[in-house]
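One-letter residues, chain by chain:
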Amino acid sequence: MRKIILSVILITILLLSIFSISFVTESKTLGAHVVELKLDTGDTAWMVVATAFVLLMTPGLGFFYGGMVGKKNVISTMLQSFMAMVIVTVLWVVIGFGLCFGPSIGGFIGDPSSNIFFQGVSANTAWELAPTIPMILFALFQAKFAIITPALITGAFAERVRFWAYLLFMVLFILFIYAPLCHMTWHPDGMFFKWGVLDFAGGTVVHMSAGWAALAGAIFLGKRKVQKVNPARITYVLLGTGLLWFGWFGFNAGSAVGAGSLAAQALGTTTIAAASAAMAWVFLDKILGHKLSAMGACIGAVVGLVAITPAAGFVTMPHALAIGIIAAVISNIVVSKFPKGKIDDALDVFACHGVGGMVGMLLTGVFASKSVNSVVGDNEGLIYGDATLFLTQLKALVLVSIFAFVSSYVLFFIVNKITPLRVTEEKEELGLDISQHGEYL
């Protein structure tokens, strides 16, 4: 049955691509929020580079997660990230971009009909909020965010998920969770956007959605037979962290959608928060009587990168330092107190990405300054004496948390009804590399 379904999918996409000229036509008029391109070659050059940076984060994540799991699950874990680049890219072109950035339906989701198969996604027009770069470049930049989000979730159910079931969940997650959150947060007609929610590069859209989905997946799939495993390659974790840190400059500084002062500001806050978080994590480990470990330093750096993501273009450098430290301390405590005997979040995705994203969203409401970015307006952060933005961030945090967790759990339930999510005990014991892919280190 699976062979038939896969054949139908391939043939359908192929035929629609070949004959798209019959139903996909380049619009002669500009749609809502699509404007005439005012090309700036400097902005365009930077965004091409930033797009490549963000794509590199996904294989970096593969190394980061792959080094943490047991040796017999390294290939499968890394392949889960790699296949996100494959599947989500195709899905994004066919329908995903339209769902995120198409004409708004009630401020909740986009109408994909105007952008199906990248209809209207031209090199000669621009997105309203990025008028100096081609629309196609903006669309491809945004695709990289969609790619890494489901890949982040995989760390929670590592070493026990069936690969084909994961692929199905990934598609449903993009369509029914990522797309609405992206539209609500980053589309000018989106509900959160109109509320004034500030999320510079993906605190809600990427990290909170992935973190809550990870928690739902860990609960739904249940515990591994053996929860305590020796990391296969800590050197992979170090390499993955370096690639993530490098790529995050595109993630955050690229979200300025131009090669200007705001990109420089976001680049600075990004690296400062990563460094301060890594420092805080290893210092806290030592204070609590643990050794200073490579794993701790890497996890701390990533938590800092996660936490600064929503705030990167809104806060000062000293406040980025504070965000990194606060996020590392809170996530470290959550990791140590997390009920691992009951909930098997294998690689602490919720404690790091989910909690880190939530801390970052709230601290954006504390530290955001109009002196850094005029978009902040008069409702500056709590530290400047105004609680309006903080309460707006808190309201969005609560709604996103409920939506992402409940919806993800429902999707896991649906996928499990279609095809079992979890491998058998025998295949888990054998390892996913051999049982799912016939390969091994």
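Cut-offs and rules
- Residues numbered from 1 in each chain as written.
- Predicted model: local features only at pLDDT ≥ 70, side-chain atom pairs only at ≥ 80, totals over all residues.
- Heavy atoms only, no water.
- Patch = residues over 30% accessible without salt bridge, like charges linked within 9 Å, V, L, I, M, F, W, Y side chains within 5 Å.
- Areas by Shrake-Rupley, 256 points an atom, 1.4 Å probe, with all protein chains shown as cover.
- Salt bridge = Lys/Arg side-chain N within 4 Å of Asp/Glu carboxyl O.
- Helix = DSSP H or I, 4+ residues; strand = E, 2+ residues; numbered from the N terminus.
- Buried < 20%, exposed > 50% of the residue type's maximum accessible area, 1.4 Å probe, protein only.
- Axes fitted to C-alpha atoms, helices over the stretch in contact; angles between N-to-C directions.
- Parallel < 35°, antiparallel > 145°, perpendicular 65-115°, else oblique.
- Left-handed = near helix turned anticlockwise from the far one by under 90°.
- Contact = heavy atoms within 4.5 Å.
- Nonpolar A, V, L, I, M, F, W, Y, C, P; charged D, E, K, R; others polar.
- Disulfide = S-S within 2.5 Å.
- Polar contact = N/O pair within 3.5 Å; in protein donor to acceptor, adjacent residues only side chain to side chain.
- Core = buried A, V, L, I, M, F, W, Y, C linked by side-chain atoms within 4.5 Å.
- Expected span 1.5 Å × (residues − 1).
- Phe/Tyr/Trp six-rings, centres within 6.5 Å; stacked < 30°, edge-to-face > 60°.

Examining a nonpolar patch on the surface
Part 1 of the argument: A surface patch of nonpolar side chains, amounting to about 820 Å² of accessible area, comprises Met1, Ile4, Ile5, Leu6, Val8, Ile9, Ile13, Val90 and Trp164.
Part 2 of the argument: For the nonpolar patch, the element with the most residues is helix H1 (residues 2-18), which contributes six residues.
Part 3 of the argument: Looking at where isoleucine 9 falls in the secondary structure, it is placed in helix H1.
Part 4 of the argument: A residue is classified by how much of its surface remains accessible, and isoleucine 9, at 43% relative accessible area, is partly exposed.

Regarding unusual backbone geometry
Part 1 of the argument: The phi angle at glutamate 159 is positive, at roughly 75°, despite the residue not being glycine.
Part 2 of the argument: Within the element layout of this structure, glutamate 159 appears in the loop between helix H4 (135-153) and helix H5 (163-186).
Part 3 of the argument: Of note, the phi angle at aspartate 348 is positive, near 55°, even though the residue is not glycine.
Part 4 of the argument: Its place among the elements puts aspartate 348 in the loop between helix H11 (317-337) and helix H12 (349-367).
Part 5 of the argument: When its relative accessible area of 14% is taken as the criterion, aspartate 348 is described as buried.

Digging into the pattern of salt bridges
Oppositely charged side chains can form a pair if their charged atoms are brought close together.
Part 1 of the argument: Counting across every chain of the model gives seven salt bridges.
Part 2 of the argument: Each of the salt bridges in this network shares a partner with another, and the network as a whole consists of Glu159, Arg160, Arg224 and Asp344.

Description of the packing of helix H10 (residues 294-308) against H11
Part 1 of the argument: With their axes 8 Å apart at the nearest point, H10 and H11 run at an angle of 120° to one another. By the criterion of interaxial angle, the relationship of H10 to H11 is oblique. Between H10 and H11 the crossing geometry is right-handed. Between H10 and H11, the contacting residues are Val303, Ala307 and Ile308 on the first element and Ala320, Ile323, Ala327, Ala328 and Ser331 on the second.
Part 2 of the argument: Residue composition of the contact of H10 with H11, by class: seven nonpolar, one polar and no charged.

Section: the state of the cysteines
Part 1 of the argument: The final tally for this structure, using the stated rule, is zero disulfides.
Part 2 of the argument: Lacking any disulfide linkage, cysteine 100 is separated from the closest cysteine sulfur, that of cysteine 182, by 3.8 Å.
Part 3 of the argument: Residue classification places cysteine 100 among the buried residues on the basis of a relative accessible area of 1%.

A few points about the environment of valine 355
Part 1 of the argument: Along the chain, valine 355 falls in helix H12.
Part 2 of the argument: It is 39 Å that separates the C-alpha atoms of valine 355 and leucine 37, two residues lying 318 residues apart in sequence.
Part 3 of the argument: If sequence neighbours within four positions are ignored, valine 355 has contacts with Ile330, Ser331, Val334 and Phe350.

Quick notes on the side chain of threonine 364
Part 1 of the argument: Tracing the sequence through the fold places threonine 364 in helix H12.
Part 2 of the argument: Judged by its relative accessible area of 0%, threonine 364 falls in the buried class.
Part 3 of the argument: Within the structure, threonine 364 has its side chain in polar contact with the backbone oxygen of glycine 360 (distance 2.7 Å).
Part 4 of the argument: Excluding anything up to four places from it in sequence, threonine 364 contacts Leu198, Pro310, Ala311, Phe314, Leu389 and Gln393.

Looking at the nonpolar core
Part 1 of the argument: Counting residues in each nonpolar core, the largest one holds 139 residues, and the members touching the most others are Phe64, Trp92, Phe97, Phe101, Phe145, Tyr178 and Phe251.
Part 2 of the argument: Among the elements that line this core, the one with the most residues is H5, at 16 residues.
Part 3 of the argument: If we ignore the near neighbours within four places in the chain, the residues touching phenylalanine 97 are Trp92, Gly102, Asn115, Phe118, Val121, Met135, Phe138 and Ala139.

Description of H10
Part 1 of the argument: Spanning 15 residues, H10 covers 22 Å between terminal C-alpha atoms, matching the ideal 21 Å at 1.5 Å per step.
Part 2 of the argument: With 13 of 15 residues buried, H10 is to be regarded as a mostly interior element.

Overview of helix H7 (residues 203-221)
Part 1 of the argument: In this model, H7 (19 residues) spans 25 Å end to end at C-alpha, consistent with the 27 Å of a helix rising 1.5 Å per residue.
Part 2 of the argument: In terms of burial, H7 is largely enclosed, as 18 of its 19 residues are buried.
Part 3 of the argument: Once H7 finishes, glycine 222 follows within two positions and takes phi at roughly 80°, a positive value.

As for the environment of lysine 194
Part 1 of the argument: As for its placement among the helices and strands, lysine 194 is situated in helix H6 (residues 191-195).
Part 2 of the argument: The class of lysine 194 is exposed, set by a relative accessible area of 60%.
Part 3 of the argument: Sequence separation between lysine 194 and methionine 184 is 10 residues, and the spatial gap between their C-alpha atoms is 8.6 Å.
Part 4 of the argument: The residues touching lysine 194, leaving out its near neighbours within four places in the chain, are Pro188 and Asp189.

Notes on the packing of helix H3 (residues 74-101) against H4
Part 1 of the argument: Running from N to C, H3 and H4 cross one another at 125°; their axes reach a closest spacing of 8 Å. When the axis of H3 is compared with that of H4, the two are oblique. In the packing of H3 onto H4, the handedness of the crossing is right-handed. Of the residues in H4, those in contact with Ser81, Ala84, Met85, Val88, Thr89, Trp92, Phe97 and Phe101 of H3 are Met135, Phe138, Ala139, Gln142, Ala143, Ala146, Ile147, Pro150 and Ala151.
Part 2 of the argument: Here the contact of H3 with H4 is composed, by residue class, of 14 nonpolar, three polar and no charged.

Describing the packing of aromatic side chains
Part 1 of the argument: What the rule picks out here adds up to 28 aromatic pairs.
Part 2 of the argument: A ring pair is formed by phenylalanine 63 and tyrosine 236, whose centres lie 5.3 Å apart and whose planes are at 90°; its orientation type is edge-to-face. Here tyrosine 236 lies in helix H8 (residues 234-253) and phenylalanine 63 lies in helix H2 (residues 41-66), a separation of 173 residues in the sequence.
Part 3 of the argument: Among the aromatic side chains, those forming a connected cluster through ring pairs are Phe157, Phe163, Tyr166, Phe169, Phe173, Trp212, Phe220, Phe338, Phe350, Phe405, Tyr409 and Phe412.

Quick word on the side chain of histidine 33
Part 1 of the argument: In this fold, histidine 33 is placed in the loop between H1 and strand E1 (34-36).
Part 2 of the argument: Relative accessible area serves as the criterion here: at 16%, histidine 33 is assigned to the buried category.
Part 3 of the argument: Within the structure, the side chain of histidine 33 is placed 2.5 Å from the side chain of glutamate 128, a separation counted as a polar contact.
Part 4 of the argument: Only 2.8 Å separates the side chain of histidine 33 from the side chain of aspartate 189, close enough to count as a polar contact.

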